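# Summary of structural features
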Amino acid sequence: MANQKKYKHRLKTGGHVAKWKKGHSCATNPKIRKHRDAAQLRFLQTETLPKETMLLMASLTVKDSDDEGSVTSARTAFTQCTNVTFKSIERLWNNPTEQNREICAVLAAVAELIREKGGSESDTEYFAALLTVVSTSDDQIDRIAAAMYLLHIVMRRVKPAVLRSQFATASKTILSVLSKNINSKNYLLLTTSIGCVSLMIRRCISESQWKSDKSLHNIVRMILSFIEHENDQVRNRTINSIVSIFGETKSSYHRGVSILGNYCIEKLNSLSAKSSDERSLQTTHLLNLLERCLSLFTSSHISRVCEFLFELIIRSRTTSIRNQSLSVLTSLFRGAPHVARLSPELNAQIMNALYDCQPNESELVCQWLNTLLSSLLNLYRIDCRLALEHCPRLAATAVKYFSSSDGKQHSIAVDVIKSLIVNCLSHFVKESSNNDEKSTELTRNCLDKFCSKLESGLEYCYHPAWELVFDCFISFYTHCGSMCDGFASRSLSMLSSMRCNDDFPHHNLIDGCIAAAIKHIGVRCVLHAIPLRINNDDTDFSRSWLISILQNSVSKSEISLFMELFLPDAERVYEKSLEFQRKNKLTLAKTFDILQRQMWSLLPRFLDAPVDVAQNFKYIARAIGEKLTNRADIRDLILSSLRNVVRTTHNVNDTQEIARFSKNYFPILFNLYTSKEETNVDNTVVLETIRCFLPIAPKPVVETLVLKTLEKVESDRSKSQLRIFDLIVAMVGYVDMTIMDKVYNLVESILNSGGEKWLEKKAYRLLEEMCSARGFSHIESCPTIGNLFVAQKFVSIKSLLLKDYRSSASLAPRLRCLGILMRNYVDIDLDFISDLIPDVVPCADAIGSKARESACNLLLEMVDIVNECDTSNMSESDRFEWFLTKISAGLIGGEKTIVATLTILQCLIGKHRNKISNKILKDLFDILCSLLEMKIQRVVKSTLETIDCVVKFCRGMLLAEHVEMLLGKLCEWNDENRRYYRFYVRTIFSRLCKKFGFIMMRSLIPESYQKQLCNIYRQQRRSQLKKRRTDGSVTSEGVVSMATRPIVESINYVLGSDDDGEDEMSQSGVDETQSKSGRRGRKANKTHVSMQIAETGDEPIDLLDPWSSRNVILGGTSTSKVVQNQRNKIDVKRAEDGRLIIDNLDSKSQVSMKSALSMKSGLSKIIDEGDSSDDDEEFDLKNIISSKKNKRTVFADSDDVSEEGKRTKISKRCIPDYGSEYRSEKGSGDVKRRGKPDPYAYIPFNVANLNKRKQAKLQGQYKGIVRGARNGANAVRSSRAGAQKTRRKSTSKMK
């Protein structure tokens, strides 16, 4: 093998073929440019054009205009035609065939003729001139065809009066052309001539003229003679012309349609005398005409044509002819003809004849069922009662095809049955309430028959399609269930017998059927057909599956049903469970206990919007009260039932009935909430149930309860009364002003006496509820009891709230009270806000997150109130500056005050970024830079977070003036502080790099930070390219994605680049050693990039402007395979008809569109569009508040890779889940997938694995894989050896 010579394949080419020079196979500027020059002129057939024409076309410039008066383009410059009617000729100009050039030449000649005679190039002048060209061009077929094409275009815009006056002359001229060229191969001439004639007839001839004018009959018959033409375009134009002539009518039928009917009948009679092949072809052409026009015929003609169609369906041996005949009948019904043309009796006769023509071929069954369905739907349109009688027969016919082995027949049968249910039967059910008893009984009988036909589909012979039969039952129960209570028990019994079989494969579908029956037929009917059969001696419970279906389906039912069917059984099963428990039969006891709990779990569903609250709630109310007290195991279900019945009942009488029992439930619920015994029910659930009853409870009952609880609290304020305070907080909003004053006196005494922390918190919660109480009023315009209370006690509440707080636990309710006070009281001035700010600011650094959030929300509300204050001498910006000045006073305090003030500044900057002026920003940066010099780490961290917030939300024009000072402060730290705050500084650098560009940032920071900046810049490019790939690969449904060539954006892209440019990072000033290390291992994918500045708008670029660095982009690559592959992968959305799909550009699609365009042109932007990435972000208060107490804050959009590659933080969401498609859903391990290679074990690539400190761990992973492979191989080897030994022993024994 070593001595063999390598075989070198050589292509066999002719000696005259030019070969590429070495290294020039991909040259973008070859010497031979024959086809490229032709493509630039947009003509590929250059050898057929005269040289003068080529020079004229090359000198034309395309300048499209949207002006309605004229069109200026290359075609216009050639033809000198400025009429907007001929704008569609532009596509012919771009597709230069011999015929299209003739059209442009005729248009140029006609335009020149009109101008010579002093015309204005109106539509009428072009009509007359083109008609003259048609009449004078005797033997020049191409010229006549071109003139006729232009005439057909201009006739659409000529006034009808002009066409009427010239109808005789024009029709004679066009018909003479048609008669002379009837056998011509110029199909453009024939199609445009037919179109012109039909257009003139449609616009000039009224229906009354068809009886008197016999010439119209001859014109129509001449057009119909082209029905059997050899060219399909001519035939289609003929059919379209006939439909346009006779299709538009205001009466029941067109007066001239008898001409068309007689012609078709004559043709049908003459087909019997011809040979089979000729008859088949002509029949096909005639059926194509009838498919479009049969619904326009008169009643007599429809009847005679249908007779012939049924003869074809029965006797024809050609499947295509039979299928097309059925399609003609389908189009007849779908055309929705007038009752005078297709009467209900004739429709029913055609349906009965279709049943007699039932085909046996599987190809025709689908079309036959579609025809039957169309006929029934059309019959329902004209006579709904007659259609109702035919529905069961069609359903029975469709069900028979469920026994077929053809899946297509199954699907069409299901579609037929569902269409009958949705489009016919459901409308009768909806209208049954407005009909008389006789009509309702007729509808019920029809539904009974229909249901019985569906029940036949449950027989075993139809078992291959049982899934589809169950789907039909779901649709039937859903749309017609309200009238099926008398006969649905038969089908439900059959379904339940199937469901009780454990080996039946379609349990879920049967459950869906029964659930639909429960929802729409009713629980009573379902339980009558499928009883639970729960007996004391039976432990099988074969129908316990019905309980889970009831839990998910019962709604708007009757309370009496639960009391009759479930409550006695639940009591009996519970007693049986206790009995088994006493006998120490724990298994049976547990089984019966689970069953009784399942039965009680139905109570919340039966009390979900019940319909008989006023009649039957009083009977179950006592049982509910007893179970609340005695049955702790079902207490959660009872409480859920009470909440459901209160929340879902909206009728006034029903609500009053429930409220009547609130006085009985409140003591029980109060005892449960205040009890110290441990139960399986959370106390918050009990309190929530109390809150549900309070709005509907009688006011005297609530007031009595509040007074009693107040007496308890005043006598004993120990911690044992904590839950009593919770009850008062819940009830205080539903009392009058007298009792509210007593509660306020209690609150005031607690806050003034300086009680315990929990007591102070509850006092503030009481005050909050009193200030925001709505009482029993649900009218928005009426003042609430809380408004009245604040207005009456404003001075006292204000003095109470402005006192020094003693407990951090009471901060949140106290601050919320202040917010309510400010919202409800209108006469708040700036002095009040000035007094309030120093008390609120320190709360922004509280321990509890609710307190911090309340403080920030209160200060944000203060800004809105300051803007609404009557200070005519201050503008909105001045008011905001005044407020910031008051807030900034906290920056001269202690550590906690400074951190709290910086937190509030972040909230204000994020929410009111548009109000920040240059003066505010200058003062703010001066303060922040001075805070960076402090030695308190917590203060410095909060300062860096504030700087990051300013950079994130402020506009770049405002920041540009202060960037140099800011960077100077951030870069003058020593090594220890630089390492400690590196994450914060990196985030700020990343934002500044996005806003101002890499080059400007590189010139402003010292050398020691250059490496970190380059790392940031490189990471931004990677993330941006990844985002572009993701956006470019997404295509919407229903849009054909077609790969296209890149858009030519610049001359550099066309010419390419043959220079060996330097590496991108070396051009940007990165250290040479880093560039070399970055290029290691990437030689194959080396990319040569050049810097360019993107132009925006029509303004010239000012290269001295520092803002021009933001427009720096990377130029086109020369030899990069990666970028070329990315270009080729760009998809352009295109519809099925060839149109380009251009989506509406919202905020997200604009980004993806820009990414796609930049990748097409081979350009890679450095930064995201300036401020758009950060300025458009929504302000989120929770993110700022939640990060205040973390040990180390991680910014939301900071880069994953840290500086210098030393520490890498990879988000788990970014790591792809390799091999997930092979993962087993039932157990552990991998499984094989059909059509995919076998799964195998491997270690996926990860950027974090480049860390040297993790080499030992990675080596262990590889060792583990090798060890596992060896163990597996040894196991297989040992098993094979054992098998061989066994085989040998057996062989020796046999010998």
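Everything quoted here is computed from the prediction, not taken from an experiment. (Residues numbered from 1 in each chain as written. Predicted model: local features only at pLDDT ≥ 70, side-chain atom pairs only at ≥ 80, totals over all residues. Heavy atoms only, no water.)

## Some thoughts on the overall build of the protein chain
When helices and strands are tallied, the protein chain shows 63 helices and five strands. Counting over 1295 residues, the protein chain shows a buried share of 45%. When the accessible surface of the protein chain is totalled, it reaches about 69500 Å², and 50% of it is carbon and sulfur. (Helix = DSSP H or I, 4+ residues; strand = E, 2+ residues; numbered from the N terminus. Buried < 20%, exposed > 50% of the residue type's maximum accessible area, 1.4 Å probe, protein only. Areas by Shrake-Rupley, 256 points an atom, 1.4 Å probe, with all protein chains shown as cover.)

## Observations regarding the nonpolar core
Counting residues in each nonpolar core, the largest one holds 347 residues, and the members touching the most others are Phe476, Tyr477 and Leu767. Broken down by element, the residue count for this core peaks at eleven residues, all from helix α21 (residues 407-430). In this structure Leu767 touches Tyr744, Val747, Phe789, Ile797, Leu800, Leu801 and Cys817, once residues within four positions along its chain are discounted. (Core = buried A, V, L, I, M, F, W, Y, C linked by side-chain atoms within 4.5 Å. Contact = heavy atoms within 4.5 Å.)

## Examining the pattern of salt bridges
This structure, assessed with the given rule, holds 38 salt bridges. In this structure, the salt-bridge partner of Arg101 is Glu98, at a minimum N-O distance of 2.8 Å. Linking Arg101 with Glu98, this pair stays in helix α5 (residues 98-116), spanning three residues, or about one helical turn. Of the charged contacts in the structure, one is a salt bridge between Arg322 and Glu361, with a shortest N-O distance of 2.9 Å. Taken together, the residues span a long stretch of sequence, with Arg322 in helix α17 (residues 319-334) and Glu361 in the loop between α18 (344-356) and α19 (362-382) at a distance of 39 residues. Given a relative accessible area of 13%, Arg322 falls into the buried group. Of the residues examined, Glu361 reaches a relative accessible area of 28% and is grouped as partly exposed. Connected through salt bridges with shared partners, the residues Arg765, Glu768, Glu769 and Arg816 form a single ionic network. (Salt bridge = Lys/Arg side-chain N within 4 Å of Asp/Glu carboxyl O.)

## Side note on helix α53 (residues 982-996)
Taking 1.5 Å per residue, 15 residues should reach 21 Å; α53 reaches 21 Å between its end C-alpha atoms and fits that length. For α53, the buried fraction is high: 14 of the 15 residues fall into the buried class. Note on α53: the residue one or two positions beyond its end, Gly997, has a positive phi of about 90°. (Expected span 1.5 Å × (residues − 1).)

## Focus on the packing of helix α39 (residues 737-753) against helix α42 (residues 794-801)
Packing of α39 against α42 brings their axes to within 11 Å, and their N-to-C directions diverge by 25°. For the element pair α39 / α42, the angle class is roughly parallel. Along this stretch, α39 crosses α42, giving a crossing that reads as left-handed. Along the contact surface, α39 presents Tyr744, Glu748, Leu751 and Asn752, while α42 presents Ser796, Ile797 and Leu800. (Axes fitted to C-alpha atoms, helices over the stretch in contact; angles between N-to-C directions. Parallel < 35°, antiparallel > 145°, perpendicular 65-115°, else oblique. Left-handed = near helix turned anticlockwise from the far one by under 90°.)

## Let's talk about unusual backbone geometry
Despite not being glycine, Glu121 has its phi angle at roughly 60°, a positive value. Turning to its location among the elements, Glu121 is positioned in the loop between α5 and α6 (123-136). When its relative accessible area of 11% is taken as the criterion, Glu121 is described as buried. A positive phi angle is found at Ala336, which is not glycine, with a value near 50°. Relative to the helices and strands, Ala336 is located in the loop between α17 and α18. The partly exposed category is assigned to Ala336, whose relative accessible area is 40%.

## Digging into the packing of aromatic side chains
This model, assessed by the stated rule, comprises 23 aromatic pairs. A ring pair is formed by Phe562 and Phe566, whose centres lie 6.1 Å apart and whose planes are at 20°; its orientation type is stacked. A relative accessible area of 1% means that Phe566 is categorised as buried. Joined through ring pairs, the aromatic side chains of Phe450, Phe473, Phe476 and Tyr477 make up one cluster. If you follow Arg723 out to its NZ or CZ, it ends over the ring of Tyr673, 5.8 Å from the centre. (Phe/Tyr/Trp six-rings, centres within 6.5 Å; stacked < 30°, edge-to-face > 60°. Lys NZ or Arg CZ within 6 Å of the ring centre and 35° of its normal.)

## Overview of a positive patch on the surface
Together, Arg393, Lys400, Lys449 and Lys453 make up a positively charged patch on the protein surface. Broken down by secondary-structure element, the contributors of at least two residues to the positive patch are α20 (384-400) and α22 (437-455). Among the structural elements, Lys400 can be located in helix α20. Exposure remark for Lys400: the relative accessible area of 55% places this residue in the exposed category. (Patch = residues over 30% accessible without salt bridge, like charges linked within 9 Å, V, L, I, M, F, W, Y side chains within 5 Å. Lys, Arg positive; Asp, Glu negative; His and termini not counted. Charge placed at Lys NZ, Arg CZ, Asp CG, Glu CD.)

## A short note on the state of the cysteines
Going through the model one piece at a time under the given rule, you end up with zero disulfides. Left unpaired, Cys525 is separated from the closest cysteine sulfur, that of Cys484, by 8.6 Å. A disulfide-free cysteine, Cys993 has its sulfur positioned 9.3 Å from the sulfur of Cys1014, the nearest such atom. (Disulfide = S-S within 2.5 Å.)

## Overview of the side chain of Arg643
Within the secondary structure, Arg643 sits in helix α33 (residues 635-647). The side chain of Arg643 sits in the buried core without any salt bridge; Glu688 is the nearest counter-charge, 6.2 Å away. There is a polar contact of 3.1 Å between the side chain of Arg643 and the side chain of Thr689. In this structure, Arg643 is in contact with Val685, Glu688, Thr689 and Cys692, ignoring residues within four places of it in sequence. (Polar contact = N/O pair within 3.5 Å; in protein donor to acceptor, adjacent residues only side chain to side chain.)

## Description of the environment of Cys692
As for its placement among the helices and strands, Cys692 is situated in helix α36 (residues 683-693). Separated by 47 residues in sequence, Cys692 and Val645 have C-alpha atoms that sit 9.9 Å apart. When residues no more than four places from it in sequence are discounted, the contact partners of Cys692 are Arg643, Val646 and Arg647.

## Description of α39
Counted at 1.5 Å a residue, the expected span for α39 with its 17 residues is 24 Å, and the 24 Å between its end C-alpha atoms agrees. Buried-residue contacts for α39 involve α37 (699-715), α38 (722-731), α40 (757-771), α41 (785-792) and α42. Just downstream of α39, Gly754 is the residue with a positive phi angle, here 70°.

## Brief notes about the packing of helix α48 (residues 918-931) against helix α51 (residues 963-970)
Here α48 crosses α51 at 10°, and the two axes come no closer than 10 Å. The pairing of α48 with α51 is recorded here as roughly parallel in orientation. Residues Phe925, Asp926 and Cys929 of α48 lie in contact with α51, whose contacting residues are Met965, Leu966 and Lys969. Grouping the constituent residues of the contact of α48 with α51 by class yields four nonpolar, no polar and two charged. (Nonpolar A, V, L, I, M, F, W, Y, C, P; charged D, E, K, R; others polar.)

## Considering the environment of Asn535
Position of Asn535 among the secondary structure elements: in the loop between α26 (523-529) and α27 (545-553). Along the chain, Asn535 and Asp569 lie 34 residues apart, while their C-alpha atoms are 8.6 Å from each other.

## Considering the confidence of the model for the protein chain
Confidence along the protein chain averages 76 in pLDDT terms, with 74% of residues attaining 70 or more. Contacts of residues 41-72 to residues separated by more than four positions or lying in other chains number 43 contacts, the stretch itself having pLDDT below 50. Note that residues 1113-1132 has pLDDT below 50 and, in this model, 63 contacts with residues that lie over four places away or in other chains. (pLDDT = per-residue confidence, 0-100.)

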